[in-house]
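Chain residues, written in single-letter form:
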Amino acid sequence: MKNADTELLTTPADFARILGSPPRLLLLDHLRQGEYAVEQLVELSSLSVANASQHLQQLRKAGFVQARRDGKRVLYRLGSGPIVPLLNALSLYAQHQQGEIEALKRGDHVEAIARDELLERIREASITVLDVRPADEFAAGHVPGAINIPADELQRRLAELPPDQDIAAYCRGPYCVLSVQAVAALRQHGLTARRLDSGFDGWQASGLPVAQA
């Protein structure tokens, strides 16, 4: 039987779980600057000693942190391996996502259609629903009657869309930019298009009908 304190973590899911904590990422961000004792990290992070120690032990278990004793103090530093590039990549992705969200808030977004209105238009057969998610996501569940044209295929498959009907495009959630980009592309080609404001996630969460391929 494995001891939980010594069990080796080796899978990406293990590492993602350990890093899925803002305090741990904050501690790693400080440790990338150098070696610190718990007391110093507590002061820098505003965590309690007990809380900081617990997070450090989890990071140490995953190899993100190493420790050495210096007299009565235990000093922590980053572990070996590409930890700094990993932290940089997470930071870069967060900045990218924030930039996309800010673009929507600034008004770079396009006009949206609400779920209730889209449902009514579907019943009237007066709108074409366009799902721009990847094919596997579409197959797992989609708005009934939707046409699936993944975002990266849209430009070359425009002829599959009726030129004389309104189009409602959607992707995953309210901040998924694939539908925003799709609507912009459709409008550039003279089509009348809006995006579903909540995306498929909101549609599904509202208990509205869902079809599967």
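What you see is a predicted model, and the numbers here were worked out from it, not measured in a lab.

The rules we used
The numbering scheme is per chain: residues are counted from 1 as the chain's sequence reads. Only residues with pLDDT of at least 70 get local features here, since the model is predicted, and only at 80 or more are side-chain atom pairs given and counted; chain-wide, interface and lining totals rely on the full set of residues. Excluding hydrogens and water, the side-chain values take into account all heavy atoms of the structure. For the purposes of this entry, the term helix denotes a DSSP run of H or I that reaches at least four residues, the term strand denotes a run of E that reaches at least two, and both are numbered from the N terminus. Each residue is placed in one exposure class: buried if its accessible area under a 1.4 Å probe, protein chains only, is under 20% of its type's maximum, exposed if it is over 50%, and partly exposed if it falls in between. At least two bridges found by DSSP between two strands are what make those strands a pair. Here, nonpolar core means buried Ala, Val, Leu, Ile, Met, Phe, Trp, Tyr and Cys residues that are tied together by side-chain atoms lying within 4.5 Å of each other. The contact rule is simple, with two residues in contact once any of their heavy atoms fall within 4.5 Å.

Draft legend 1. Layout of unusual backbone geometry. With phi around 65 degrees, Ser46 is a residue other than glycine that occupies positive phi space. Take Ser46: it is sitting in the loop between helix 3 (38-45) and helix 4 (49-61). Here Ser46 falls in the exposed class, since its relative accessible area comes to 67%. The residue Ala125 is not glycine, and still its phi comes out positive at about 55 degrees. Following the sequence through the fold, Ala125 ends up in the loop between helix 6 (115-124) and strand 5 (127-131).

Draft legend 2. Local environment of the pairing of strand 5. By the criterion of burial, strand 5 is predominantly enclosed, with five of the five residues buried. Burial along strand 5 is two-sided: the face carrying Ile127, Val129 and Asp131 and the face carrying Thr128 and Leu130 are both buried. Here strand 5 pairs with strand 7 (residues 166-170) via five bridges, running parallel. Of the residues in strand 7, the one forming a bridge with Ile127 is Asp166. For strand 5 and strand 6 (residues 147-148), the ladder comprises two bridges, and the chain directions are parallel. What sits directly across from Asp131, in strand 6, is Asn148.

Draft legend 3. Structural detail: the nonpolar core. Of all hydrophobic cores here, the largest spans 19 residues; its most connected members are Leu28, Leu31, Leu56, Leu59 and Phe64. Put simply, the parts of the chain that give this core at least two residues each are helix 1 (12-19), helix 2 (22-31), helix 3, helix 4, strand 3 (73-78) and helix 5 (83-108). Here Leu59 is in contact with Ile18, Arg24, Leu27, Leu28, Phe64 and Val65, once residues within four sequence places are set aside. Counting residues in each nonpolar core, the second largest holds 16 residues, with Leu130, Ala182, Leu191 and Ala193 among its members.

Draft legend 4. Region of interest: the pairing of strand 8 (residues 193-196). Two strands pair when backbone bridges link them, and strand 4 (residues 112-113) and strand 8 are joined in this way by two bridges, in the parallel orientation. Bridge pairing links Ile113 to Leu196 in strand 8. With three bridges joining them, strand 7 and strand 8 adopt parallel strand pairing. By the bridge assignment for strand 8, Ile167 is matched with Ala193.

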